[in-house]
Each structure stands twice: as structure tokens, then as C-alpha cells.
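Listed here are the chains, written in short residue letters.
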Amino acid sequence: MPALDWQGVLTGQPLQWIVSGFLTTLWVTLAGVVLATLLALLFLLLRLSAGRFGHAVVSGWVSLFRNTPLLVQLLFWYFAAWNGLPLGFRDVVNADHAWSILPGDVWWFTPEFLCSAWGLGVFTSAFLIEEIESGLRSVPSGQREAALAQGFSAWRLFRYILLPQGLANAWQPVVGQYLNLMKLSSLASGIGFAELTYQVRQIESYNAHALEAFTVGTALYLLTGVLMGMLLTRLGPRAGRAQHDCRI
């Protein structure tokens, strides 16, 4: 077996591609995590406050996006939904904007980035809803009854009583979903999004250093997952301490 030639991956243009792809993966992961979290909280509030209608809407959302392959969803958002948007909006997105460049020279206001972040966020939100809902169910019923007896609205009950304790109870599964989102971002290469996997494949075509390129890419995914897991897990005790602040 020939010796690995790391110079063909860790120098020159290939190294620039790897750095660019890695930073792009980090940014789209962050965008997807924020979007997924906001969507999950919105739909959980809808399920709690809108009765049967809200429950039906949320159940439909969860069923649709959990039971459809993510790659199929990404292809739909990019090739179908995107082309259904008004032409004027698409022209604005496709134009060059100085404010659309993130640190690391990552362009976020592009069809590929927006569709990738949206697809990852929507897909992950369907799983987060169920994970957090399980945590909410574990909150003692006495907490709910006490809050309602003191005149808490549905929003205040959710914000100050259920959510802090529910997140603490479901924190590890939630962290797992965030890590899964980061790993699944590699599927965005299927719509031409230049994240880490896309750039690694580009190196393979550029100089045939496939083994070295995929080794570096795998190491970066592993390192990112470990660091994300450690960081998010450290946030867990803070969510847990919030239980004491919100008990009535």
C-alpha cells in the first residue's frame, strides 16, 4: 500500500477548500440549530394552547418531516420550493451583497445556504418537538395546576414553568439531535452546497487524494461532534438549576 501523501491535502488549494468547507459546515449547523429550536418551541406552544386544532397541526408537521428522507426534503426545497418563490426575491438573493459574508468568507445569503439551513432546521425541529414534549410530560402535574391557579396564561405557563424543567429533563436527547443535524449537513452537498463533504469530494476530483481528503474530513466531523457535545452538555446543568427558580 503506498504511503499517504498529506501534502496533496494540507497545502495550497486543497487546504483552502477544506477550511472553507469546514467553516461553512459550522455556520450552516449554527443556523439550522437556531431555526430548529425556534420552530420546535413555536409548535410546542401551539400544541399546548390551541386545543385539538393545534395538536393536529403539530402532529401533521412531525409526521411529515420525520417520515420523509432528509435528502428528498433538501432536493424539494432547492429545486421545487425555491423556484416557486417570487422572481424578484430570488434575484435579490442571487445578487452580491457585502453584508451576506460571514466570518471565514462564508456566503450565507445564497439559495444553497438558505435551502440547506431551512431544510436541516425543519427536519430537526420535528424530532426536537417530540424530545422536548417528552421532557414536558415529566414535569409534575402539581406544577401546572399551581401555575394555573395563580392565573398564569398558557404562554407564561410554558415559558416559566414547563420549558425550563422540560428542557432539563430532555437535555441529552436534545443535544443528540443537534449533533445529528451537524452530521446530516453533509447531505446538503447533494444540492451543490459547498460544505465539508462537498469540498472533500472536490479534492478527490482535483488530485485523486481521496483517502487523505476523506480522512481529514472525518477527523474534522469527529472533532466538531466531540466539542459540540462537550459544550452543549456543560449547558445542561444550567438548565437543570433553572428548575429551582421556576418552582412555585
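All of these numbers come straight from a predicted model, not from anything done at the bench.

Asker: Looking at this model, I keep getting lost on the overall build of the protein. Mind explaining?
Answerer: Helix and strand counts for the protein stand at 10 helices and two strands. Mapped from its N terminus to its C terminus, the protein presents α and β elements in the order α-α-α-α-β-β-α-α-α-α-α-α. Its C-alpha atoms give the protein principal-axis dimensions of about 70 × 45 × 35 Å. In the protein, which comprises 248 residues, the share counted as buried stands at 43%. Residue pairs at least 24 apart in sequence account for 75% of intrachain contacts in the protein once pairs closer than 6 positions are excluded.

Asker: Teacher, can you tell me more about the environment of Arg-234 here?
Answerer: Turning to its location among the elements, Arg-234 is positioned in helix α10 (residues 210-246). Between the C-alpha atoms of Arg-234 and Gly-104, which are 130 residues apart in sequence, the distance is 26 Å.

Asker: Is there a simple way to explain the side chain of Thr-24 in this structure?
Answerer: Mapped onto the elements of the fold, Thr-24 is located in helix α1 (residues 12-49). Given the relative accessible area of 6%, Thr-24 is considered buried. Leaving out residues up to four positions away in the same chain, Thr-24 has contacts with Val-106, Phe-193, Ala-194 and Glu-195.

Asker: Any chance you could explain the nonpolar core here in plain terms?
Answerer: If you look at soluble globular proteins, the nonpolar side chains tend to sit buried side by side. With 64 residues, the main nonpolar core has Ile-18, Trp-61, Phe-113, Ile-129, Val-174 and Tyr-178 as its most contacted residues. Of all the secondary-structure elements, those providing two or more residues to this core are α1, α2 (51-66), α3 (70-81), α5 (111-137), α7 (154-169), α8 (171-184), α9 (196-207) and α10. At 12 residues, the largest contribution of residues to this core is made by α5.

Asker: How should I be thinking about the packing of α3 against α5 in this particular structure?
Answerer: Two measures define how a pair of helices packs: the angle their axes make with one another and the distance between the axes. Axis separation between α3 and α5 bottoms out at 9 Å; the angle between their running directions is 140°. Taken together, α3 and α5 sit at an angle that is classed as oblique. Here α3 and α5 pass one another in a crossing that is right-handed. Here Leu-70, Gln-73, Leu-74, Trp-77 and Tyr-78 of α3 come into contact with α5, specifically with Pro-111, Glu-112, Cys-115, Ser-116, Trp-118, Gly-119, Leu-120 and Phe-123. Of the residues in the contact of α3 with α5, the class split is nine nonpolar, three polar and one charged.

Asker: Explanation requested: the packing of aromatic side chains in the structure shown.
Answerer: Aromatic ring pairs are reported here in terms of the distance separating the ring centres and the angle at which the planes meet. Counted under the stated rule, the structure contains 13 aromatic pairs. Plain terms: the ring middles of Phe-123 and Phe-127 are 5.0 Å apart, the flat faces sit at 55° to each other, and that makes the pair tilted. Here Phe-127 and Phe-123 lie together in helix α5, a separation of four residues that amounts to about one turn. Here Phe-123 matches Phe-127 in class, with each residue buried. Taken together, the ring pairs in this structure connect Phe-43, Trp-61, Phe-65, Phe-76, Trp-77 and Trp-118 into an aromatic cluster.

Asker: Explain unusual backbone geometry here, please?
Answerer: Most peptide bonds are trans, and most residues other than glycine sit at a negative phi. Phi angles above zero are rare outside glycine, and Asp-105 is one such case at about 60°. Residue class for Asp-105 comes out exposed when judged on its relative accessible area of 53%. Phi angles above zero are rare outside glycine, and Ala-208 is one such case at about 65°. Summarising the element assignment, Ala-208 is placed in the loop between α9 and α10.

Rules used throughout
- Residues numbered from 1 in each chain as written.
- Predicted model: local features only at pLDDT ≥ 70, side-chain atom pairs only at ≥ 80, totals over all residues.
- Heavy atoms only, no water.
- Helix = DSSP H or I, 4+ residues; strand = E, 2+ residues; numbered from the N terminus.
- Buried < 20%, exposed > 50% of the residue type's maximum accessible area, 1.4 Å probe, protein only.
- Contact = heavy atoms within 4.5 Å.
- Core = buried A, V, L, I, M, F, W, Y, C linked by side-chain atoms within 4.5 Å.
- Axes fitted to C-alpha atoms, helices over the stretch in contact; angles between N-to-C directions.
- Parallel < 35°, antiparallel > 145°, perpendicular 65-115°, else oblique.
- Left-handed = near helix turned anticlockwise from the far one by under 90°.
- Nonpolar A, V, L, I, M, F, W, Y, C, P; charged D, E, K, R; others polar.
- Phe/Tyr/Trp six-rings, centres within 6.5 Å; stacked < 30°, edge-to-face > 60°.

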